[in-house]
Amino acid sequence: MRIELVEKYLNSKEFFQKLSLRLETIQRADEDPIARQNYLLNKWVVDPVDFINTFGVITDPRLPNYPVIPLFLFDYQEDVIYRLLDAELNGRDLLIEKVRDMGLSWIVIWYVLWRWLFTPSWSALLMSRKLDEVDKASSAKSKKPPTNSLFGKLRFAYRHLPPWLKSPNFRPRFHDTFAKFTHPDIGSVVEGETDNPDAILGRRYGMVIMDEMFAMTYWEEIWRNAADATRTRVGISTTVDSIQAKEFRDFMESKGQLISLDWRLNPFKDEIWYQKELERRANDPLGIQKNIGLSYNIDPRLAYYPEVVKAKVLDIDYDPNLDLYVSIDIGAQDYTAILWWQFKNPYFFVLEGFQAKNRDLKFYMPFLDPKYPLPENWKEIYPLESWQSVLNLVRSWKQPKRYFGEIAHFQRVMPTNTSVAMELYKWSEGRIKLEKNNKGNTHEARRRAVAEILPKTIFNRKSMFAKKCLDALANTKFKKIRESSTASKEALNKPVHDPRTADFRAAFENFAVNAHKIIRAERRKAWNYDSIGSLIK
């Protein structure tokens, strides 16, 4: 946005008229308890827009001369507030796609505060990608908390209310704790959570709000699990390079549950701002689409696998007459990813996938080996519906014929002096014999192998994890290296490590560099192979 437009607005006659009316209203409520009660019952309790226009304040570090800025809603912001209220009252979901800098976080926080103040036993869950974006440990204790987290904004808003709107029994030590804000008189509560699939299990809320939803690793699982926790799910996000997110966005639009916030709605963004942004991003057309427009397209110049656009997404089913294959990537600190495959010349089918974090290797054994015994309390071990769904499905299939990993899975580690491959073989009683391609370990070899099979790969639309794998490949990008850089060829061919994409990408690569073994074994079509084992027609 243009800061000069903001400052012009803050010094305008229109702004001072609104501010004068606010101050007169608050002063009258201060001095006259009867008038205050009348305002509360007839205006502020029933109308969130009136409440925010009377009490709303924000802060912006780009405006150091205005530490506290009165908030008066623009038309598009009022529409968002009323749509949120309508969604809650009627038990509907809502997706809000937006460009950056639309002031949405603040107005959503003020809506949450309005509900928290006036609705007995109301509850909300605020979620975001990282813990610091939800709350910061220091902000819960500070008298002047930072406002770059959701709960930091909530505290800032509450502390700037008139004393007679606050609870006399509110004690920060007990009622304003880390990622939890409790009303001591009416029992309303706002809680916070970060991006993890079991965040909502066993809870109930009036509303679940997912900030920057499409940037979450587990957004689809959280959205699905939230259906049992609340009548109203709200997703808020800027656009991302995601086939899966675009598909979801179009679905919400078809149901009339989409709000799309274009930059033109913001009075602080005008044609001058737009032309400057175009000039600044002249060599980045997709950057213009994503940061100024609303685009889910993939930038082909930075895409590590541009061939991903040639892959297909279709409804496919397991074929018991075809062999089944598994590729894995075991993550020590990152996620572990598993993919189930079938091959019918000339197509490779990604039937299903799975992803989890911070679990030991035995946790994955029932997925990898359908003959591995399930513990009696398996539903407690695998509490998520998505996990149970995958487990039930893959255990109904026959034993996979081959398992593909990478060289790291064969390296022994101390103090056990054993490897992933050895452990899988032992626990499966010899049914899992992990394979690797010694010549498929370089970035270039893996990229070439994936590029060969992607145009002939079909991802199962019915599988959330299969689509996650496709998105991981679509979002894998080259590192941006300066032209003057003296980086090695290997460094130039290296993808950016992103924990949201790295593990499914690696699991796909582990299959790709071994795909020639399947084709040779099938002997259905003649292929030649180069020295690294990638496919050449």
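Residues numbered from 1 in each chain as written. Predicted model: local features only at pLDDT ≥ 70, side-chain atom pairs only at ≥ 80, totals over all residues. Heavy atoms only, no water.

Before going further, it helps to spend a moment on the pairing of strand S14 (residues 347-357). For S14, the tally of buried residues reaches nine of eleven residues, placing the bulk of the element in the interior. Pairing analysis gives ten bridges linking strand S13 (residues 335-344) to S14, with the strands arranged antiparallel. Looking at S14, one finds that Phe343 is bridged to Phe348. Inspection of the sheet shows S14 paired to strand S17 (residues 457-460) by three bridges, in the parallel sense. For Val350, the partnering residue across the bridge sits in S17 and is Phe459. (Buried < 20%, exposed > 50% of the residue type's maximum accessible area, 1.4 Å probe, protein only. Helix = DSSP H or I, 4+ residues; strand = E, 2+ residues; numbered from the N terminus. Pairing = 2+ DSSP bridges.)

The topology assignment puts Asp176 in strand S5 (residues 176-177). With 25 residues separating them in the primary sequence, Asp176 and Phe151 have C-alpha atoms 9.5 Å apart. A polar contact of 2.7 Å, which involves the side chain of Asp176, links it to the side chain of Arg155. (Polar contact = N/O pair within 3.5 Å; in protein donor to acceptor, adjacent residues only side chain to side chain.)

Attention now goes to the pairing of strand S3 (residues 94-98). Judged by how many residues are buried, S3 sits mostly within the fold: five of five residues are covered. Alternating residues of S3 divide into Leu94, Ile96 and Lys98 and Leu95 and Glu97, and every residue in both groups is buried. Here four bridges tie S3 to strand S10 (residues 258-261), and the two strands are oriented parallel to one another. Bridging across to S10, Glu97 finds its partner in Ser260.

When pLDDT is averaged across the protein chain, the result is 86; 87% of the residues are at 70 or more. In the model, residues 481-485 has pLDDT below 50 throughout and makes three contacts with residues more than four positions away in sequence or in other chains. pLDDT under 50 marks residues 524-532. Its contacts with residues more than four places away, or in other chains, come to 28 contacts. (pLDDT = per-residue confidence, 0-100. Contact = heavy atoms within 4.5 Å.)

Moving on, we get to helix H3 (residues 33-44). Inspection of H3 places Ala35, Arg36, Tyr39, Leu40 and Trp44 among the buried residues, and these make up the whole buried set. Angular distribution of buried residues about the axis of H3 spans 140°; they occupy a single face of the element. Away from its buried face by more than 90 degrees, H3 exposes Ile34, Leu41 and Asn42. If you follow the buried residues of H3, they end up packed against helix H2 (13-31), helix H4 (48-55) and helix H6 (104-118). Between the side-chain oxygen at the start of H3 and the backbone nitrogen of Ile34 there is a gap of 3.0 Å, and the oxygen is on Asp32. (Arc of directions from axis to C-beta.)

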